[in-house]
Amino acid sequence: MSLFYIFYQEGIFLGEKLILDGKKVSNHVRESLKPRIAALKEKGIQPCLATILVGDDPASATYVRMKGNACERLGMESRRIHLPEETTTEELLKVIEDLNHDDAVHGILLQHPVPGHIDERKAFEAIDIEKDVDGVTSWGYGQTALGFGQYPACTPAAIMKIMEFYGINPEGKHAVVVGRSPILGRPVSALLLNANATVTTCHSYTRNLPEILRMADIVVAAVGKPRFIKGEWLKEGVVVLDAGYNPGNIGDADYESCYEKASAITPVPGGVGPVTISMLLKHTVDAAEKKLRERQ
């Protein structure tokens, strides 16, 4: 047990900084998957993640490529489906339906955002709950909120995994989540609440945000605005988990000023991001193992 863990649990801050290294956590998750993937292959199953990219957004194409490459490095199958910009909602739904019925596919990821003319929520809802490894369906979110979701949204899952890896127990702590998106702010608030934290979820209509943040033991930055959260808004010894990723590799927290107040903080890049991809891989392996159990 680390000294940080002991001091954090006791509410003591001695001025030491802990950089929450997402690359280290990501490597730990991926190493734990290797024997599980090997065991599945011995039984004739190769975990398969199907990614759907609609259009030619460069950032989205990069994210899809990174996820596919991560699959292949672990010996998983990456099925990449690239649809043209003019794809209709109905055409996208047909692709998702085909993947839902393909027993060789264990996880489906629709890269966000899709072109504006597509009904993105309708497309998300079309994904089979058993293959919703990115936690984007309302059904999956509901299960997560009630504490029995199989595959929570991957960035919230990554935040919880980082805290687990570093021995940061949210139980009894006041966590403030800045952001309420359906795939980040809301599900991470639910996960923290299920872990017995007291959770305040803030958003663009929240009044007196700095005053609320000064009460936080844990801050999750998920607002989508670069360097939005300032160190002077935080109390000494806070844990800062920055889930933001803005142009120029900039997070949602002002790293330099938040670093001065924090006992532990995730960098951007190299913090939450790498773990998010690893949780996607883990959920796909989980889904493949579940499929095997049902077959036996």
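Residues numbered from 1 in each chain as written. Predicted model: local features only at pLDDT ≥ 70, side-chain atom pairs only at ≥ 80, totals over all residues. Heavy atoms only, no water.

**Observations regarding the side chain of Ser 78**
Logical step 1: Along the chain, Ser 78 falls in strand E3 (residues 77-83).
Logical step 2: Polar side-chain contacts of Ser 78 include one of 3.3 Å to the side chain of Arg 80.
Logical step 3: Contact partners of Ser 78, with chain neighbours within four places excluded, come to Leu 49, Gly 68, Cys 71 and Glu 72. (Helix = DSSP H or I, 4+ residues; strand = E, 2+ residues; numbered from the N terminus. Polar contact = N/O pair within 3.5 Å; in protein donor to acceptor, adjacent residues only side chain to side chain. Contact = heavy atoms within 4.5 Å.)

**Some remarks on a nonpolar patch on the surface**
Logical step 1: The grouping of Tyr 63, Met 66 and Tyr 245 at the surface amounts to a nonpolar patch, some 300 Å² of accessible area in total.
Logical step 2: Assessed through its relative accessible area of 46%, Tyr 245 is described here as partly exposed. (Patch = residues over 30% accessible without salt bridge, like charges linked within 9 Å, V, L, I, M, F, W, Y side chains within 5 Å. Areas by Shrake-Rupley, 256 points an atom, 1.4 Å probe, with all protein chains shown as cover. Salt bridge = Lys/Arg side-chain N within 4 Å of Asp/Glu carboxyl O. Buried < 20%, exposed > 50% of the residue type's maximum accessible area, 1.4 Å probe, protein only.)

**Observations regarding the sheet that holds strand E5 (residues 174-178)**
Logical step 1: Reading across the sheet, the six strands line up as E1-E9-E8-E7-E5-E6 and stay open at both edges, with parallel pairing between neighbours. Taken across any chain shown, the strands that pair with only one partner, and hence form the sheet edges, are strand E1 (18-19) and strand E6 (198-202).
Logical step 2: Here E5 pairs with strand E7 (residues 218-221) via four bridges, running parallel. Residue pairing for E7: Ala 175 is matched across the bridge by Ile 218.
Logical step 3: Here helix H8 (residues 185-194) sits on the sheet and contacts E5, E6 and E7; the angle it forms with E5, its principal contact strand, is near 170°. (Pairing = 2+ DSSP bridges. Axes fitted to C-alpha atoms, helices over the stretch in contact; angles between N-to-C directions.)

**Some thoughts on the nonpolar core**
Logical step 1: Counting residues in hydrophobic clusters, the biggest one holds 27 residues, and the most contacted among them are Leu 20, Ile 159, Ile 162, Met 163, Leu 192, Val 220 and Leu 241.
Logical step 2: Mapped by element, the contributors of at least two residues to this core are helix H7 (154-165), E5, H8, E7, strand E8 (238-242) and helix H11 (272-295).
Logical step 3: When residues in this core are grouped by element, the largest group, six residues, is from H7.
Logical step 4: In this structure, Leu 20 is in contact with Ile 162, Tyr 166, Ile 168, Val 239, Val 240, Leu 241, Ala 264, Ile 265, Thr 266, Pro 267, Gly 270 and Gly 271, ignoring residues within four places of it in sequence.
Logical step 5: Counting 20 residues, the second largest nonpolar core, distinct from the first, contains Ile 45, Leu 49, Met 76 and Leu 281. (Core = buried A, V, L, I, M, F, W, Y, C linked by side-chain atoms within 4.5 Å.)

**Points about the sheet that holds E3**
Logical step 1: Pairing within the open sheet is parallel, and its three strands lie in the order E3-E2-E4. Since the sheet does not close on itself, it has two edges, and those belong to E3 and strand E4 (107-110), each with one partner. Between one strand axis and the next, the sheet turns by 15° as a mean value, whatever way the strands run.
Logical step 2: Bridge count for strand E2 (residues 48-54) against E4 is four bridges, and the pairing is parallel.

**Brief notes about the pattern of salt bridges**
Opposite charge on two side chains permits them to pair, given that their charged atoms come into close proximity.
Logical step 1: Throughout the structure, instances matching the rule amount to 15 salt bridges.
Logical step 2: When the shortest N-O distance is used, the salt bridge between Glu 77 and Arg 79 registers 3.7 Å.
Logical step 3: Under the relative-accessibility criterion, Glu 77 is labelled partly exposed at 27%.
Logical step 4: Using a relative accessible area of 25% as the deciding quantity, one classes Arg 79 as partly exposed.
Logical step 5: Here Lys 291 and Asp 103 are joined by a salt bridge, their closest N and O atoms 3.8 Å apart. Taken together, the residues Lys 291 in helix H11 and Asp 103 in the loop between helix H4 (89-100) and E4 connect sequence positions 188 residues apart.
Logical step 6: For Lys 291, a relative accessible area of 35% corresponds to the partly exposed category.
Logical step 7: Taking the relative accessible area as the measure of exposure, Asp 103 reaches 56% and is therefore exposed.

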